Amino acid sequence: MANQPDPDNGHCVLGIDAAWTAHNPSGVALVQRAAEGWRCLSLAPSYNAFLALSAGQPWGRSRKAQGSEPDPAALLKACHQLAGQPVDCVSVDMPLATTPITSRRAADTAIASRFGPKGCAVHSPSAERPGTIADHLRERFAELGVALHTTTTARQEPALIECYPHVALLALLNRNYRVPYKVSRSAQYWKTEQPSMAERIRRLLAEFTAIHQALSQRISAIPLSLPQPSEVTTLSSLKPVEDMLDALICAWIGIEHLEGRTAGLGDATAAIWVPANLME
């Protein structure tokens, strides 16, 4: 799922839906600003799939996405190969901080206070989850010149930012409450109705379609076609699609950040960046 870079390129954003553990795959999206607007250059359901695409190796949907730890140097190199230029922003859905993460942060509390009533509180991070994966990712990106933006950092590029797709979707879809699109939570979303598996799949795909359409208005050439409900036999087969949509949402927040349309909630050690219009 890779496109050719535009010769009249501008900024470049890498979006990562980062798993909190090494055994789960992480969705990855690379977008680039061209003369006609932002376009998707590459989209993958895992780090390894993204690296394969950058090497010209196609990744078929039939292949199972494998989990691994992120390798920031390899990711940035792959981005340069795909885009023909360095990345200006790396936008990640995972707790990140300038100090080791051991417990709930001011950023998490701020999100819960502001968006908890809309169903968008966050999971509390710990020393185990995401633990060293997050610490090493932030440290390695910093060594490579991509520094974490907190509430006190000047918006210099290249930037590493933390985002939260559930909150981003409130702005992207103009919703007032958390969007029910997570595959693993589909049994909880409609507990009182207890819909059949086929109906849960249909409802998830309806939300996937709304997200895909909204993203397509902001990012062109997204190399992702959604299956029809009749083509889906298991819920688990939808998880890679969810991960890739989340990576695209992360990339969109990176675009908004580069263009000055985000607000950071947190403190000098960590900030979660959300669409600025949600703070009005």
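Only a predicted model underlies this, so the values are computations on that prediction, with no experimental measurement involved.

**Details of the packing of aromatic side chains**
The tally for this structure, following the rule as stated, stands at one aromatic pair. Between tyrosine 189 and tryptophan 190, the aromatic rings sit 5.4 Å apart at their centres with planes inclined by 65 degrees, giving edge-to-face as the arrangement. Residue tryptophan 190 is classed as buried on the basis of its relative accessible area of 12%. Over the ring of tryptophan 190 we find arginine 203; its NZ or CZ atom is 5.2 Å from the centre of that ring.

**Quick look at the side chain of histidine 257**
As for its position among the elements, histidine 257 is in helix α8 (residues 239-258). Residue histidine 257 is classed as buried on the basis of its relative accessible area, which comes to 4%. Setting aside its immediate chain neighbours within four residues, histidine 257 contacts His149, Arg155, Ile161, Thr262 and Trp273.

**Quick look at the packing of helix α7 (residues 197-216) against α8**
Interaxial distance between α7 and α8 falls to 11 Å at its minimum, and their mutual angle equals 35 degrees. Along this stretch, α7 crosses α8, giving a crossing that reads as left-handed. Residue-level contacts link Phe208, Ile211, His212 and Leu215 of α7 to Val241, Glu242, Leu245, Leu248, Ile249 and Trp252 of α8. The class makeup of the residues in the contact of α7 with α8 is eight nonpolar, one polar and one charged.

**Quick look at the side chain of glutamine 32**
The topology assignment puts glutamine 32 in strand β2 (residues 27-34). By relative accessible area, which is 0% here, glutamine 32 ends up buried.

**Points about helix α3 (residues 106-115)**
Each α-helix winds once per 3.6 residues, and so residues spaced three or four apart point in a common direction. When α3 is considered as a whole, its buried residues turn out to be Ala107, Asp108, Ile111 and Phe115. Viewed end-on, α3 has its buried residues packed into an arc of 100 degrees, placing them on one side of the element. Structurally, α3 contributes buried residues whose contacts are with α5 (165-172), β7 (262-266) and β8 (271-275).

**A short note on the pairing of strand β4 (residues 89-92)**
Of the two faces of β4, the one carrying Cys89 and Ser91 and the one carrying Val90 and Val92 are both buried. Across four bridges, strand β1 (residues 12-17) lies against β4 in parallel orientation. Bridge pairing links leucine 14 to valine 90 in β4. Bridging between β4 and strand β6 (residues 159-163) involves four bridges; their strand directions are parallel. By the bridge assignment for β6, valine 92 is matched with glutamate 162.

**Re the environment of histidine 11**
Along the chain, the position of histidine 11 falls in the segment before β1. Along the sequence, histidine 11 and arginine 33 sit 22 residues apart, while their C-alpha atoms lie 5.3 Å from each other. Here histidine 11 is in contact with Val31, Gln32, Arg33, Trp38, Gln85, Asp88, Glu157 and Leu258, once residues within four sequence places are set aside. In terms of polar contacts, histidine 11 uses its side chain to reach the side chain of arginine 33, at 2.6 Å. Reaching out from histidine 11, the side chain makes a polar contact with the side chain of glutamate 157 at a distance of 3.3 Å.

**Some remarks on the state of the cysteines**
Summed over all chains, the structure comprises zero disulfides. Lacking any disulfide linkage, cysteine 40 is separated from the closest cysteine sulfur, that of cysteine 12, by 10 Å. For cysteine 40, a relative accessible area of 0% corresponds to the buried category. No disulfide involves cysteine 79; its nearest neighbouring cysteine sulfur is the one of cysteine 12, lying 6.2 Å away.

**A look at the environment of glutamate 143**
Note on placement: glutamate 143 falls in helix α4 (residues 132-143). Note: C-alpha distance between glutamate 143 and alanine 73 (70 residues apart in sequence) is 9.6 Å. Polar side-chain contacts of glutamate 143 include one of 3.0 Å to the side chain of arginine 140.

**Overview of unusual backbone geometry**
Outside of glycine, negative phi angles account for most residues, and trans bonds account for most peptide bonds. Of note, the bond from arginine 129 into proline 130 is cis; its omega dihedral lies within 30 degrees of zero at 0 degrees. One can find proline 130 in the loop between α3 and α4. Between glutamate 157 and the following residue, proline 158, the backbone shows a cis peptide bond with an omega angle of 0 degrees. Positionally, proline 158 belongs in the loop between β5 (147-148) and β6. One non-glycine residue, asparagine 174, lies in positive phi territory at about 55 degrees.

What counts, and at which threshold
- Residues numbered from 1 in each chain as written.
- Predicted model: local features only at pLDDT ≥ 70, side-chain atom pairs only at ≥ 80, totals over all residues.
- Heavy atoms only, no water.
- Phe/Tyr/Trp six-rings, centres within 6.5 Å; stacked < 30°, edge-to-face > 60°.
- Buried < 20%, exposed > 50% of the residue type's maximum accessible area, 1.4 Å probe, protein only.
- Lys NZ or Arg CZ within 6 Å of the ring centre and 35° of its normal.
- Helix = DSSP H or I, 4+ residues; strand = E, 2+ residues; numbered from the N terminus.
- Contact = heavy atoms within 4.5 Å.
- Axes fitted to C-alpha atoms, helices over the stretch in contact; angles between N-to-C directions.
- Left-handed = near helix turned anticlockwise from the far one by under 90°.
- Nonpolar A, V, L, I, M, F, W, Y, C, P; charged D, E, K, R; others polar.
- Arc of directions from axis to C-beta.
- Pairing = 2+ DSSP bridges.
- Polar contact = N/O pair within 3.5 Å; in protein donor to acceptor, adjacent residues only side chain to side chain.
- Disulfide = S-S within 2.5 Å.

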